[in-house]
Amino acid sequence: MINQKMHELGSKRSCIRDLFEYGLKRAAMVGRENVFDFSLGNPSIPAPEDVKDAFLSIVGKESPLSVHSYTPAPGAIDPRKSVADDLNARYHAGLRPENIYFTCGAAPALIAMIRALTVENAEIVAIAPFFPEYRPFVESSGAKLVVVPADEEAFQIRMDALEAALTSHTQAVIVNSPNNPSGVVYTRETLTALAAILTRKSEEFGHPIYILADEPYRELVYDGVEVPYIPGIYPNTVICYSYSKSLSLPGERIGYFCVPDCAADSAALYAAGAGAARIIGHVCAPSLQQLVVGRCAGIRPDLDAYDRNRTTLYEALTSYGYQCAKPNGAFYMFVRSPRGTAQEFSDRAKAKDVLIVPGGDFGCPDFFRISTCVDHDMLVRSLPIFKALIEE
Ligand code: PLP
């Protein structure tokens, strides 16, 4: 007999993947230049030169044994120190290498921390719009996902709705900023208000409610906007990070969870995260990637290409009459469907070979997501179609 839940998860593709694969098929039929694929969040700028150089020099010069061998499960100590030092230099974070645990990206870091916090009847809160994978991550761990409805104007957090979502079973709130899919960065004011509510509710319920800060887009911000260091605002915070987007290394699978000393029960929580990683088959994150990250922890991406796409698309779409909160982070735009549900609008766009993701799985069925990590020329050629779609 086969586990039905796993079968369902494995055989039903996400709607993002569905669209992407449809785009590949259409490209084979009508030509790549005639398909406008805005589905995936796959970085469209190459990894920085320094990263490439680090790869080449590590593989070429250092002992192959040390490059390719197992490391301790949390990672080799020197690369973990580089990551801690970088965060300390930027945020006065007071981190030690022992606070960092390398994982194969942000996804397994999140799964480990969700499982570490899943006790009987546990509830984990996500704030719409949210990354759709949170649902299987939470539900497969045995916890319940509780969704806070979106602030559909600014895509900050509706504090009244958040407070109403908290119960004595709430173990954590997942905070994803810069946000996928809205591209919005939560302001310091928003995070301070959130911290006040969580502090008060933690006292009322007699146990800490943690923030799981899902931050793969931390370095992807525009117009000089601040991405506050959340443990500095709310100590009971765990960071789940990834180099997939910031260093354009999504296929290399490297990230970490960081449990700062200021978090309640930090040592036990770190150990529980390690235990949860163990049962999902983590042995160690790829050794080569740990070494690369150890060398490149301080490297920041050149965001000009993403920024140019963001500005071009935002200005064009709003001039045609589309409504959208201006994104100041990540590489997405979350646009209100001009009429009908976003699913209907996405279907109409698909008929014109424009692939945009309807927002239902993100918790916002009236919005669609456009990934702006795409070729600029393709984006510009798609604009007349977006114009025609709203005028139809
Ligand atoms: N969290 C968010 C909000 C994401 O958008 C993604 C990937 O797109 C992830 C987590 C997972 O990232 P990773 O590739 O590091 O597992």
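Note: the structure precedes this text.
What counts and how
- Residues numbered from 1 in each chain as written.
- Predicted model: local features only at pLDDT ≥ 70, side-chain atom pairs only at ≥ 80, totals over all residues.
- Heavy atoms only, no water.
- Pairing = 2+ DSSP bridges.
- Helix = DSSP H or I, 4+ residues; strand = E, 2+ residues; numbered from the N terminus.
- Axes fitted to C-alpha atoms, helices over the stretch in contact; angles between N-to-C directions.
- Contact = heavy atoms within 4.5 Å.
- Buried < 20%, exposed > 50% of the residue type's maximum accessible area, 1.4 Å probe, protein only.
- Lys, Arg positive; Asp, Glu negative; His and termini not counted.
- Salt bridge = Lys/Arg side-chain N within 4 Å of Asp/Glu carboxyl O.
- Polar contact = N/O pair within 3.5 Å; in protein donor to acceptor, adjacent residues only side chain to side chain.
- Expected span 1.5 Å × (residues − 1).
- Bend = angle between axes of the 7 residues up to and from the residue.
- Near = heavy atom within 4 Å.
- Areas by Shrake-Rupley, 256 points an atom, 1.4 Å probe, with all protein chains shown as cover.
- Nonpolar A, V, L, I, M, F, W, Y, C, P; charged D, E, K, R; others polar.

(A) Representation of the sheet that holds strand β8 (residues 255-258) within the structure. Here we have 7 strands laid out as an open sheet, ordered β2-β8-β7-β6-β5-β3-β4, and mixed in their pairing. Edge positions in the open sheet fall to β2 (100-103) and β4 (144-148), since each of these has one partner strand only. Across the sheet, the mean angle separating the axes of adjacent strands is 20° when strand polarity is ignored. As defined by bridge partners, strand β3 (residues 123-127) adjoins β4 across 5 bridges and the pair is classed as parallel. Bridge pairing in β4 places E123 opposite K144. Strands in contact with helix α6 (residues 106-116) are β2, β3, β5 (170-176), β6 (210-214), β7 (237-242) and β8; relative to β7, the strand with the most contacts, it is inclined by about 155°.

(B) Just the side chain of R369, in detail. When you line up the elements, R369 lands in strand β12 (residues 367-371). Buried and unpaired, R369 has no salt bridge, with D37 as the nearest side chain of opposite charge at 8.4 Å. One polar contact links the side chain of R369 to the main-chain carbonyl oxygen of S39, over a distance of 2.6 Å.

(C) Focus on helix α14 (residues 376-391). The terminal C-alpha atoms of α14 lie 23 Å apart, and with 16 residues this matches the ideal 22 Å at 1.5 Å per residue to within 8%. A bend of about 30° at L383 is the largest found in α14, and the proline P384 appears one to four places after it. On its buried face, α14 sits against β1 (36-37), α12 (304-320), α13 (342-351), β10 (354-355) and β12.

(D) Quick peek at the site of the ligand. By nearness alone, 13 residues border the ligand, and A106, D214, Y217, S242 and R253 come closest of all. In this structure, an oxygen atom belonging to the ligand sits 2.7 Å away from a side-chain N or O atom of Y217. At a separation of 2.7 Å, an oxygen atom of the ligand approaches a polar side-chain atom of R253. Protein contacts shield 91% of the accessible area of the ligand, which totals 400 Å² for the unbound molecule. Each residue belonging to the shell around the ligand can be placed in one class, and the counts come to 5 nonpolar, 5 polar and 3 charged.

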